[in-house]
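Commentary on secondary and tertiary structure
If you want the building blocks of each chain, they are given just below.
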Amino acid sequence: MRRRNLLTGALAAGATAAFGASPASAVSGAGDPAACLEDVLFRLPSAAPVPLARLVQEAAGARADFRAARYTVLGRVLPGLLAAALATRDASTGRAREKASIVLARTYVLAAELALKQHSDAAWAAADRALTAARASGHPVPIGESSRVLAITMRRSGSCPSAVRLLTQEAADLDASQEQTGAVRTTLMLTGAYSAATGGDRMTALDLLNAAEEEADRRATVAGLFTVDATRTQVDVYRIGVFNALGTPDEGVSVARRIDIDMMSTPERRARAWTDTARMWHALGDGPQTFAALQRVEKEAPQEVRRPALRALTANLLYAPARVPGVRQFAARTGAIPA
C-alpha cells in the first residue's frame, strides 16, 4: 500500500525488525498479530520525529487496518508508528505537542485493542500508556477512548466493579451536549453496561444500556470516533452481549432479529455483532444458528474468526452432542483444530 512508504526509513525498518515479519506473512494472516507486543512495548524500535501531518496520516491508516480487521498488518505497523509518535511528541512543543500526544494515545488504543482481541497481557501496558498520553493532550475524546480500553482490560482481569466505576466517572466528565464528547460518553456507558453484566450486576447493566440508548437516539451518527461507533445499532449489539453475560440469552433473540448488521459501518464491528449473535445461539443450544453466525464472522473478517475466543467457540460447537454439517472443515480452516 502506498501509505506504507510515507514514513521514514528508520520507522519502517523498526517496524519490520520488531516483528520480524515479511509482507507475505502479513497477507497470509498466520500467527498471532499481537505476539510481539509485550516485548516491543518495553523496547520500541528507534525512530526519528516525523512531520505531524504524516504522523496523523499513518495513524489514520492504522485505524483503517483495525476497522477492516487486518490485524496482522496492524501488528506489523504498530511498533514503528508508536516509536515515531513518541519521538514526534517528545520533539514538539505547544499545540503540535498536544496533537502528537493525541496520535500517540490513539495508537496505544489500537495496540490495546489488538492485544485484547488476542488475550495478550500487553493490553495492560498499552491501555495505561494510552491514558497517560491522552491526559497529557488535555483533550476529552482521546481520554474517553483510552479510558474505555483500560476498563476493558480491568474487566478481563476480573475487576468488573472497578471497570464500571472508571467508565461511569469518565462518562460523567464528558459534555453530553457536544457531538464528539457525547458520542464518546455513549460508548463508555455501553462498555460500562457490558462490564456490569459480566460482574453479574443486572440493574446497573440495564440502567447504563438504557441511558446509552437514549443518548444515541438524540444524535445522528457521529464520525471520527476511533474504534467504536455510538449508534442505535451498536447499542442493540451491546444489548445482546449484555444479555449473554447475564446468562439470559433468550432476551437477546428479539433484538438480534430486529437489527440489520449489514448496515454497520466496518467489518470489525459487523464481525463483533455476528460474534455476539453466535454466542447467543450457542448458549441457547442452537448449533445450526451458531454455525451460521460464525460463518458470517468469517465472511466479514477472516482474521477475526481466528481469535482465541472464536476458536474456542468453534471447538465447543464441533464437540457438542448435536453435530452440525460443515463445522469440522470450518474448525480446521480457522485454526480451532489442527488442519
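Residues numbered from 1 in each chain as written. Predicted model: local features only at pLDDT ≥ 70, side-chain atom pairs only at ≥ 80, totals over all residues. Heavy atoms only, no water.

What to know about the nonpolar core
Using the following cut-off: To define a nonpolar core, start from buried Ala, Val, Leu, Ile, Met, Phe, Trp, Tyr and Cys residues and group those joined through side-chain atoms within 4.5 Å. Burial status follows relative accessibility: with a 1.4 Å probe on protein chains alone, a residue under 20% of its type maximum counts as buried, one over 50% as exposed, and anything between as partly exposed. A run of H or I in DSSP counts as a helix once it spans at least four residues, and a run of E counts as a strand once it spans at least two, with each numbered from the N terminus. Contacts are residue-level and defined by heavy atoms, with any inter-residue pair within 4.5 Å sufficient.
Ranked by size, the top nonpolar core spans 101 residues in total, and within it Leu209 and Val242 carry the most contacts. A per-element tally of this core places helix H6 (residues 94-117) first, with 11 residues. When residues no more than four places from it in sequence are discounted, the contact partners of Val242 are Ala193, Tyr194, Ala197, Ala205, Leu206 and Leu209.

A short note on the environment of Met263
Residue position: Met263 is located in the loop between helix H13 (253-258) and helix H14 (267-283). Each C-alpha atom of the pair Met263 and Thr233 lies 8.5 Å from the other, and the pair is 30 residues apart in sequence.

Observations concerning the side chain of Thr88
Here Thr88 is to be found in helix H5 (residues 71-90). Filtering out sequence-adjacent residues up to four positions away, Thr88 remains in contact with Pro49, Val50, Leu55 and Ala100.

Quick word on the packing of helix H10 (residues 179-198) against helix H12 (residues 232-246)
Quick note on the threshold: The convention used is that axes are lines fitted to C-alpha atoms, helices contributing only their stretch in contact, and that angles between N-to-C directions extend from 0 to 180 degrees. Angles are sorted into four bins: roughly parallel if under 35 degrees, roughly antiparallel if over 145, roughly perpendicular if 65 to 115, and oblique for all others. Amino acids are sorted into nonpolar (Ala, Val, Leu, Ile, Met, Phe, Trp, Tyr, Cys and Pro), charged (Asp, Glu, Lys and Arg) and polar (every other residue, Gly among them).
Packing of H10 against H12 leaves a shortest axis separation of 8 Å and a crossing angle of 10°. What the angle tells us is that H10 and H12 run roughly parallel. On the side of H10, the interface is formed by Leu190, Thr191, Ala193, Tyr194, Ala197 and Thr198, while H12 contributes Gln234, Val235, Tyr238, Gly241, Val242, Ala245 and Leu246. For the contact of H10 with H12, the per-class residue count stands at 9 nonpolar, 4 polar and no charged.

Considerations on the environment of Ala84
Mapped onto the secondary structure, Ala84 falls in helix H5. Judged by its relative accessible area of 0%, Ala84 falls in the buried class. Spatially, the C-alpha atom of Ala84 lies 6.7 Å from that of Val50, the residues being 34 residues apart in sequence.

Looking at the pattern of salt bridges
Side-chain pairs of opposite charge can arise where the charged atoms are in close proximity. The criterion, for reference: Salt bridges, as used here, are contacts in which a Lys or Arg side-chain nitrogen is within 4 Å of a carboxyl oxygen on Asp or Glu.
For the structure shown, the criterion picks out 24 salt bridges. When the shortest N-O distance is used, the salt bridge between Arg67 and Asp229 registers 4.0 Å. On the criterion of sequence distance, the pair formed by Arg67 in helix H4 (residues 52-67) and Asp229 in the loop between helix H11 (202-218) and H12 is long-range, its members being 162 residues apart. Of the two residues, Arg67 and Asp229, both sit in the buried class. Ionic pairing is found between Arg307 and Glu304, a salt bridge with its closest N-O pair at 2.9 Å. Given a relative accessible area of 4%, Arg307 falls into the buried group. Note on Glu304: relative accessible area 0%, which makes it buried. Several salt bridges converge on common partners, so that one network encompasses Glu213, Asp217, Arg232, Asp236, Arg239 and Arg258.

Some words on the packing of aromatic side chains
Keep this limit in mind: Only rings of Phe, Tyr and Trp enter the pairing, Trp through its six-membered ring, and a pair is recorded when the two centres are within 6.5 Å. The plane angle decides the type: under 30 degrees is stacked, over 60 is edge-to-face, the rest tilted. Two thresholds decide whether a charge sits over a ring: the Lys NZ or Arg CZ must be within 6 Å of the ring centre and within 35 degrees of the ring normal.
Considering all chains together, one arrives at 2 aromatic pairs under this definition. Here Phe66 and Tyr71 contribute two aromatic rings whose centre-to-centre distance is 6.1 Å and whose plane-to-plane angle is 50°, an arrangement assigned as tilted. With respect to burial, Phe66 and Tyr71 carry one shared label: buried. Measuring from ring centre to ring centre gives 5.4 Å for Phe291 and Phe330, while their planes differ by 80°; the resulting arrangement is edge-to-face. Placement of the pair is Phe291 in helix H15 (residues 287-300) and Phe330 in helix H17 (residues 327-334), with a sequence separation of 39 residues. Arg129 extends its terminal NZ or CZ atom over the ring of Phe42, reaching a point 4.9 Å from the ring centre.

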